[in-house]
Every structure is written in C-alpha cells, then in structure tokens.
Amino acid sequence: MATKLPTSLAEVQEVMLETDLLVIGAGNSGCFAAIEAKKLNPNLKVTLMEKAHIDRSGCLAAGMDAINTYLKKGRTIEEFVRWSRSQAGGLIREDLAVSLAEILNQPTEQWEEWGLPIDYEEDGDEYHTRGKWDITIKGSEMKVILAEKVREHGCEILNRVVATNYLTDGNRVIGAVGFGVRDGKLYVVKAKATVVSTGGAAGIYKPYQADGVDSHHYLWYCPFNVGTGYAIGIRAGAEMTTFEMRWCATRTKDFNGPIDTISVGYKTPMINAKGEKVLEERYAHLGGDAAPRFIRANVPMEEWQAGRGPCYVDTRGMTPEQIRDMKIDYLNERPSFVLFLAARGQDIRQEPIEIYGNDPYIVGGHTASGYWVDRKRATTLPGLFASGDVAGGTPNKFVGGCAAEGMLAARGALEYINRLNSPTKVNSEQVAVEKARIFAPALRQTSEGDGLIPKEVEERMQRLMDEYAGGIHQFFRMNKEGLEYALKHLRLLKDQTKYLIARDLHELMEAHEVVDRLDVAEVLIHHLLYREETRWPGWQTRTDFPSRNDEKFDCFVNSRRNPETGEIEVFSRPYEQVVPGDRYRP
Amino acid sequence: MPPRVNKEKCDGCKAEHEPLCEQICPGDLMTLNPETRKAYCRSTRDCWDCMSCVKICPQGALETKLPYQLGYYPAKLIPLMGTNKITWTCIDINGKVERFVIKTRND
Ligand SMILES: Cc1cc2nc3c(=O)[nH]c(=O)nc-3n(C[C@H](O)[C@H](O)[C@H](O)COP(=O)(O)OP(=O)(O)OC[C@H]3O[C@@H](n4cnc5c(N)ncnc54)[C@H](O)[C@@H]3O)c2cc1C
Ligand code: SF4
Ligand code: SF4
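Quick notes on the rules
Residues numbered from 1 in each chain as written. Chains lettered and ligands numbered in written order. Predicted model: local features only at pLDDT ≥ 70, side-chain atom pairs only at ≥ 80, totals over all residues. Heavy atoms only, no water. Buried < 20%, exposed > 50% of the residue type's maximum accessible area, 1.4 Å probe, protein only. Helix = DSSP H or I, 4+ residues; strand = E, 2+ residues; numbered from the N terminus. Contact = heavy atoms within 4.5 Å. Near = heavy atom within 4 Å. Nonpolar A, V, L, I, M, F, W, Y, C, P; charged D, E, K, R; others polar. Pairing = 2+ DSSP bridges. Axes fitted to C-alpha atoms, helices over the stretch in contact; angles between N-to-C directions. Domains from an automatic or database assignment. Buried area = accessible area lost by both parts, 1.4 Å probe. Salt bridge = Lys/Arg side-chain N within 4 Å of Asp/Glu carboxyl O. Polar contact = N/O pair within 3.5 Å; in protein donor to acceptor, adjacent residues only side chain to side chain. Parallel < 35°, antiparallel > 145°, perpendicular 65-115°, else oblique. Areas by Shrake-Rupley, 256 points an atom, 1.4 Å probe, with all protein chains shown as cover.

## A short note on helix α2 (residues 77-87) of chain A
Residue and element names in this part refer to chain A.
1) Next: For α2, the set of buried residues is Phe80, Val81, Trp83, Ser84, Arg85, Ser86 and Gln87.
2) Next: Here the buried face of α2 lies against α3 (94-103), α9 (293-305) and α12 (398-419).
3) Next: After α2 finishes, the residue Gly89 shows a positive phi value of roughly 70 degrees.

As structure tokens, this is what we get:
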C-alpha cells in the first residue's frame with residue numbers, strides 16, 4: 001500500500017545493497033539472464049531490480065500465443081540470418097545474429113520443461129509451426145512460470161523498485177540507483193557487473209486512440225516499458241545504434257493488437273477497401289505477402305493515402321474451427337481482443353478485421369534500435385551488458401531471441417566478473433545528486449504546490465513527436481524542417497522538467513517515465529535527421545529524401561551523448577556482411 | 001479501460017499484506033481506497049487491459065470493460081483460473097455466449 005511521499009530528502013530512507021550481478025528489468029530477457037548466471041555459478045549473488053512485479057511484468061504480462069523465432073529441424077543458422085536480414089532491409093549486425101541463432105532454441109525447450117505448453121504437429125514429435133520460424137504455444141501463464149524458476153534458482157528479487165540511473169566509476173558501470181514505488185526508499189545497488197534488460201520504449205508518440213477518455217494505453221507494445229534502459233545508457237554516455245529504424249507495424253485497427261496471429265497464423269490476405277489483395281497485386285515486386293515487415297507496415301498507410309482505405313485482413317474464408325482456434329490464440333496473448341470482437345458484435349466470417357498502423361515504438365527486439373554491443377553483449381560502458389528489446393543490432397529476436405540474448409549477456413557478464421581485479425567504491429556525492437534528482441518532483445510539490453504534472457508533459461511530447469517526427473497521424477512521414485521543430489520543442493520540454501510535481505509515489509514514477517522518454521525522443525530525432533534518405537519506407541520515411549542512398553547510408557547510424565556537455569554526437573559505423581548472398585532476399 | 005470493481009464482491013484482500021490486484025498490476029494502477037477498503041484503479045487512462053488483475057482476484061470482483069469509444073456495451077469476457085487450465089466465458093453484445101477451456105501448464 002502506498003506510503004506517503006517524503007517532504008524532505010532527510011526523510012528518505014536509503015537501502016544499500018551489494019551483489020555480484022545486477023539485472024535491471026525482470027522481464028523475459030532479464031529472467032533468462034539471471035537464471036543462466038545462477039546455472040553457471042550457483043554461488044554468485046544475482047539481484048533483479050524490477051519496477052513492477054516479476055510474475056506479470058513487461059511484454060509477457062498477458063501471455064503469448066507464439067514464439068516467433070525457433071529453428072526447426074533442418075533449418076540452418078545461415079537461413080535464419082538471411083531471413084532476418086531481408087526482413088530488416090539488408091542492414092543488421094550479422095555477427096550478433098549468428099551468435100544468437102547458435103543458442104536460439106535453448107530457452108524455448110527449457111520453458112517447455114518448466115511447464116509451458118507448446119503445440120505439436122498432429123503426426124509427430126515436431127513443434128507446430130505457424131510461419132517459417134514461429135511455433136505456437138499456450139503461453140498465458142508463461143511469465144508466471146518463468147518467475148517461479150527465477151525464485152527457485154535463488155535470485156534476489158526487488159519488486160516495485162524503479163531504476164533511474166547507473167552507478168558509475170568513470171565510465172565503468174558499477175550498479176544502479178532506483179526508488180521504491182511502494183516504500184518510497186532510495187535503493188543503491190552496487191554490482192560487479194550489470195545487465196540491462198528493461199525492454200523497449202512505448203509512449204514516445206501519440207497513439208491514435210488517445211482521444212477516448214480511457215484509451216490512452218491502447219498500445220500494442222507494453223505501455224509500462226518507457227525506454228528507461230535506453231535513457232540511463234544515453235545519460236551515462238553509452239553508444240546507441242539505429243534508433244531511426246522505428247517499429248511501425250500493421251495492427252488491428254482501434255484495438256492496436258497483434259496481427260501475425262491472424263495473417264500468418266491463418267494465412268488471411270491483406271485487402272484494401274476495393275477488395276484487392278494488396279500485397280499480392282500491388283506489391284508483388286517487393287515480395288508480395290512475404291515482403292519485408294516495413295513494406296507491410298506501410299501498405300495500409302499508402303492505401304489510405306491513395307483513397308483505397310480502410311484495409312483489412314480478409315477473415316471471410318476462415319472456417320468456424322479456425323475462428324475458434326484464432327480466438328484461443330488471442331486469449332493466450334491479448335485476451336481483451338476477443339472482448340473487442342464481442343463488443344463490436346463482429347462475426348469475422350461476414351466482416352473482415354480492419355487493420356491500421358500503430359504509434360511508432362523503439363524496440364530492439366523487432367528492429368535494430370538500442371545499445372551498440374559486441375558478441376558478448378557488452379555495451380561500450382565497461383561492466384554493462386544489454387539484452388532483449390533494449391539491445392540493438394539484431395532485429396527479429398522476439399520472445400525466443402530476447403530470452404537467448406539474456407543468456408548471452410549473463411555469460412558475458414560472468415566472464416567480466418572473473419577478469420575483474422580493480423575494486424570500486426560507490427561515490428557518495430553521485431548518490432546524493434541522484435537522490436535529489438529522483439525526489440525533486442515530490443519536494444517541489446511540498447514547497448511550491450504548483451508545477452507540471454507528468455501526464456501533461458507526456459501528452460505535449462507525444463503530440464510533438466506524432467505531428468513533426470513521423471507519427472501515425474502523419475502516415476509515418478517526416479522532413480528536416482519538422483524534425484528540427486520537434487527537436488527545438490523537445491529541448492524546451494527537457495528544460496521544463498524542473499517544474500514537474502508528483503503528488504504520490506505513482507506520480508513520481510510517472511515523472512521519471514516522462515524524463516526518460518524525453519531523453520529517448522531527443523536521440524531518436526538526431527538519428528532521424530542524420531539519415532538523409534529513405535531506407536525503410538514506413539519505419540523511416542523522409543519525404544525530403546524519398547530514395548535509398550547506398551553510397552552514403554548503407555551503414556549503421558550511431559550516437560553518443562557526452563555526459564559532461566549533453567551534446568549528442570551522431571556518426572556512422574560500417575555494415576559487415578558475414579553470411580553470403582543477396583542481402584535483400586531471404 | 002480500467003477493470004470495473006464489483007464493490008459487493010471485493011473484500012480488499014484482507015488476509016494479504018497487499019491486495020493481490022495491487023501486487024500484480026504491471027502498471028502499478030490498482031490500489032485500495034483507504035476509506036472504503038475496496039480496490040480501485042488510480043489512473044483509468046493508463047490500463048493496458050492485460051487482465052492480470054482480473055485473473056488473480058480471488059473474489060471474481062474485477063471485470064474488464066472496453067472503452068466505449070472502441071467497443072459497444074455490454075460485452076463480457078470472464079476468466080476462471082484453474083490449476084493447469086483457464087476457462088474463458090465470452091458474451092457478445094447480442095448475447096451470444098462462447099466458452100473456451102485452455103491449458104496453461106503441462107501436467
Ligand atoms: C502484445 C505483444 C505481442 C507479442 N507477440 C509476440 C509473439 O507472438 N511472438 C514473439 O516471439 N514475440 C512477440 N512479442 C515480442 C516479445 O514479447 C518481446 O520482444 C520480448 O518478450 C521482450 O523481452 P524483454 O525482456 O526485452 O522485455 P520485457 O519482457 O518487456 O521486460 C522488460 C522488463 O523491464 C522492466 N522495467 C522497465 N523499466 C524498468 C525500470 N526503470 N526499472 C526496473 N525495471 C524496469 C519491465 O517492467 C519488464 O519486466 C510480442 C510483444 C507484445 C508487446
Ligand atoms: S484482488 Fe479482488 S478482492 Fe482483492 S482487493 Fe483486488 S479486487 Fe478486491
Ligand atoms: S488490466 Fe492489467 S494494466 Fe489494467 S489494471 Fe489490471 S493488471 Fe493493471
């Protein structure tokens with residue numbers, strides 16, 4: 001139950017903890033990192049810092065109906081990399097994709113042993129597949145199952161502790177600071193190594209459902225993953241990559257729900273208002289139904305603009321059994337979509353399901369945005385490893401890949417711990433500064449009683465991003481002038497965060513969520529400005545540079561914020577082909 | 001849309017150190033009204049409709065409703081948790097009832 005907000009810093013209790021491995025974010029990837037560390041060395045102390053409750057936090061809260069990345073018998077690592085590369089328009093970190101594919105199947109098989117029901121083909125001992133790489137599961141309780149295993153392995157779990165910044169010694173990361181959203185305490189956790197796995201960033205852009213009184217969070221992505229992992233890395237000077245490759249996708253209209261369940265699962269074609277099979281008929285030259293994901297995201301937008309919207313997935317050919325199975329799939333993943341169909345009174349054999357784009361997200365498990373890491377998942381800051389949606393370079397990780405990457409990050413972190421020979425000390429000055437920063441909105445509420453509530457700042461930012469940085473209301477399109485306008489106002493907003501107030505601990509969390517989102521948005525705009533071309537129409541559409549420019553931009557766009565000056569430097573890193581073949585074909 | 005709390009059924013999870021819906025919500029949205037000792041959602045715009053609170057409530061006191069701007073009245077979707085399975089009952093706006101029993105764990 002909520003504790004009162006402190007009215008002075010002296011009131012804030014401090015909890016000082018020491019651990020070997022700190023995992024920030026006990027979601028899918030973080031849980032697998034923690035368990036892997038314990039398996040490799042049961043004597044290690046492993047601590048997870050989680051803003052919610054480990055049993056139902058992050059993307060897996062409501063469950064999943066499929067694991068999109070599993071190498072079935074006969075499939076090769078090279079095939080997987082080629083597919084992932086072509087889906088992402090030819091630009092991925094192939095070294096990372098190969099190392100991920102090497103252990104990709106392990107977490108899924110482990111989950112099954114722990115109790116997760118996975119569907120099998122009727123005639124054999126092979127998992128049932130949905131598309132090329134997807135297997136179907138009954139995953140509504142998969143996070144609860146995973147959390148039990150984290151506890152069984154003897155990890156320390158700090159639920160309801162919101163991470164706000166790293167503890168550093170020079171540029172080395174030696175743990176993190178956070179606050180308890182229940183107990184109002186300051187948590188200072190010193191660690192030999194740290195894994196960040198806080199997921200991606202939702203809520204940077206205004207969702208189109210926001211007009212409804214209670215529908216601000218009708219988001220596809222988990223709205224409680226706000227990009228904190230990116231923000232704390234940005235503030236500490238970590239190198240980030242490919243933020244401009246935004247995750248825009250086709251989603252069910254209004255509900256903003258997953259679509260692969262229907263379109264891949266039941267092979268329902270995408271049609272426009274005129275009933276044309278759009279992908280097959282109009283986008284055959286780009287791969288038709290197997291076109292890269294950004295093309296498929298862009299299609300409903302293009303059709304609307306051309307006056308041929310709305311678009312649908314044509315469910316009218318489905319059998320009653322298939323429709324029942326499809327509803328079961330949704331009940332395992334986004335149960336309220338079944339309620340949505342019931343609330344529309346919609347018989348989808350008569351009336352197809354409408355589709356549309358989503359508000360753009362930054363999600364490194366789907367696109368390549370996030371920390372720039374090496375094969376061990378070490379970031380550019382010593383002592384810090386990244387995995388899952390927060391780690392960059394490897395799109396199309398999804399559930400299986402994010403979990404596997406958690407294992408890789410843990411292995412990297414343990415090697416680092418074993419090599420470690422210089423002890424560090426927590427800098428008490430740094431802790432005092434962070435404590436003051438964390439509780440500032442609460443203290444302002446006591447001293448001034450007036451200022452900005454986090455929600456109004458959030459909505460201002462979301463509208464700016466939507467209208468000037470290629471949001472859904474602009475059909476994902478943007479140009480230099482708009483981006484510069486957004487940047488100017490984001491800087492103003494960042495400055496105005498000093499006026500934030502918080503009236504309870506929940507609102508204090510919201511205050512930090514908007515501060516973090518602003519840091520992510522600022523870096524995102526820098527990336528969008530730098531890439532003066534259109535590489536992934538839909539994900540990144542520059543109306544002032546409508547074509548791809550391989551001469552200048554067939555490379556990664558990276559950035560680093562200077563922690564001393566706050567300047568954001570943007571630069572490029574070369575692409576390296578590891579797996580031979582045509583990069584644009586699977 | 002936040003879950004609707006049935007004030008008759010909600011007992012505030014008296015036996016728990018913290019109400020179960022409050023413990024579980026990934027968005028930190030459910031809490032108790034200190035006066036009535038009944039649960040409520042503190043920020044109605046922020047619910048993801050993940051239904052974690054509905055699934056965990058031991059009294060069946062919570063019901064997910066869609067925002068009216070998105071879906072019509074009065075559709076219902078009610079989960080009932082078993083040890084290794086979950087039973088869903090769905091009633092659409094025309095009164096059509098569907099029931100689904102789904103395995104949640106291997107035996
Ligand atoms: C609706 C939906 C459907 C999907 N469908 C599929 C599918 O069918 N198949 C598939 O393969 N993939 C699917 N995905 C993608 C997949 O689920 C994710 O890519 C993957 O699970 C992400 O794992 P993660 O560990 O990086 O993030 P999460 O599992 O989201 O973990 C992030 C964790 O960090 C915590 N956290 C965040 N900020 C802080 C902070 N400041 N302090 C402490 N903790 C913090 C969060 O609470 C959370 O527990 C879907 C995703 C969504 C949202
Ligand atoms: S879990 Fe159910 S009974 Fe307990 S407080 Fe919440 S609504 Fe009330
Ligand atoms: S449905 Fe999910 S997000 Fe909404 S109040 Fe319940 S647990 Fe929280």
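Once the structure has been displayed, the description carries forward.
## Focus on the site of ligand 3
1) Next: Lining the immediate environment of ligand 3, one finds A:Phe224, B:Pro3, B:Cys25, B:Pro26, B:Met30, B:Cys47, B:Trp48, B:Asp49, B:Cys50, B:Met51, B:Ser52 and B:Cys53.
2) Next: The residues that come close to ligand 3 belong to more than one chain, namely chains A and B.
3) Next: Taken together, the residues of the shell around ligand 3 sort by class into 10 nonpolar, 1 polar and 1 charged.

## Looking at the sheet that holds strand β7 (residues 97-103) of chain B
All names here are of chain B.
1) Next: Spatial strand order, β5-β6-β7: 3 strands in an open sheet with antiparallel pairing. Only two strands of the sheet have a single partner each, and these edge strands are β5 (76-81) and β7. Each adjacent strand pair in this sheet contributes to an overall mean axis angle of 15 degrees, direction not counted.
2) Next: In terms of strand pairing, strand β6 (residues 85-91) meets β7 through 7 bridges, oriented antiparallel. Paired with Ile91 across the two strands is Val97, which belongs to β7.

## Observations regarding the domain arrangement of chain A
A common measure of how large an interface is: the accessible area buried when the components associate.
All names here are of chain A.
1) Next: Here chain A is described as being made up of domain 1 (12-67 + 141-246 + 364-419), domain 2 (250-357) and domain 3 (428-556).
2) Next: Distance from the C-alpha centre of domain 1 to the C-alpha centre of domain 2: 32 Å.
3) Next: Across the contact, 11 residues belong to domain 1 and 17 residues belong to domain 2.
4) Next: The three residues of domain 1 that bury the most area against domain 2 are Asp65, Tyr208 and Trp220, which together make up 52% of that side's buried surface.
5) Next: Here domain 1 is connected to domain 2 by 0 salt bridges.
6) Next: At the boundary of domain 1 and domain 2, one finds 5 residue pairs in polar contact (both at pLDDT 80 or more).

## What about the interface of chain B and chain A?
1) Next: Contacts between the two partners involve 52 residues from chain B and, on the opposite side, 60 residues from chain A.
2) Next: Here chain B meets chain A over a buried area of about 4,900 Å², counting both sides, of which 57% is carbon and sulfur.
3) Next: At the boundary of chain B and chain A, one finds 9 salt bridges.
4) Next: B:Arg105 is the partner of A:Glu148 in a salt bridge, and the nearest nitrogen-oxygen pair spans 2.8 Å.

## Thoughts on the packing of helix α1 (residues 28-40) of chain A against helix α4 (residues 105-114) of chain A
All names here are of chain A.
1) Next: With their axes 12 Å apart at the nearest point, α1 and α4 run at an angle of 85 degrees to one another. Between α1 and α4, the interaxial angle falls into the category roughly perpendicular. Of the residues in α4, those touching α1 at Asn28, Phe32, Ile35 and Lys39 are Pro107, Gln110, Trp111 and Trp114.
2) Next: Among the residues forming the contact of α1 with α4, the class breakdown is 5 nonpolar, 2 polar and 1 charged.

## A word on the sheet that holds strand β13 (residues 353-357) of chain A
Residue and element names in this part refer to chain A.
1) Next: Here we have 4 strands laid out as an open sheet, ordered β10-β13-β12-β11, and antiparallel in their pairing. Pairing within the sheet leaves two strands with one partner each, and these edge strands are β10 (250-252) and β11 (270-271).
2) Next: Relative to β13, β10 is paired through 3 bridges, and the arrangement is antiparallel. Directly across from Arg251, in β13, lies its bridge partner Tyr356.
3) Next: Against the sheet, α9 engages β10, β11, β12 (311-313) and β13, with an angle of about 100 degrees to β13.

## Points about the site of ligand 1
Residues and elements named next belong to chain A.
1) Next: Near ligand 1 you find 36 residues, and of these Ser29, Glu50, Ser57, Glu333 and Asp389 are the closest.
2) Next: Ser57 places a polar side-chain atom, nitrogen or oxygen, 2.7 Å from an oxygen atom of ligand 1.
3) Next: Here a nitrogen atom of ligand 1 sits 3.0 Å away from a polar atom, N or O, in the main chain of Ala163.
4) Next: The protein chains hide 99% of the 1,000 Å² of surface that ligand 1 would expose on its own.

## Describing the domain arrangement of chain B
Residues and elements named next belong to chain B.
1) Next: Examined at the domain level, chain B breaks down into domain 1 (1-65) and domain 2 (66-107).
2) Next: Computed from C-alpha coordinates alone, the two centres of domain 1 and domain 2 are separated by 18 Å.
3) Next: Contact with domain 2 buries surface across domain 1, with Met51, Lys55 and Lys65 losing the most and accounting together for 59% of the total.
4) Next: At the boundary of domain 1 and domain 2, one finds 1 salt bridge.
5) Next: Across the side of domain 1 that touches domain 2, the residue classes tally to 3 nonpolar, 1 polar and 4 charged.

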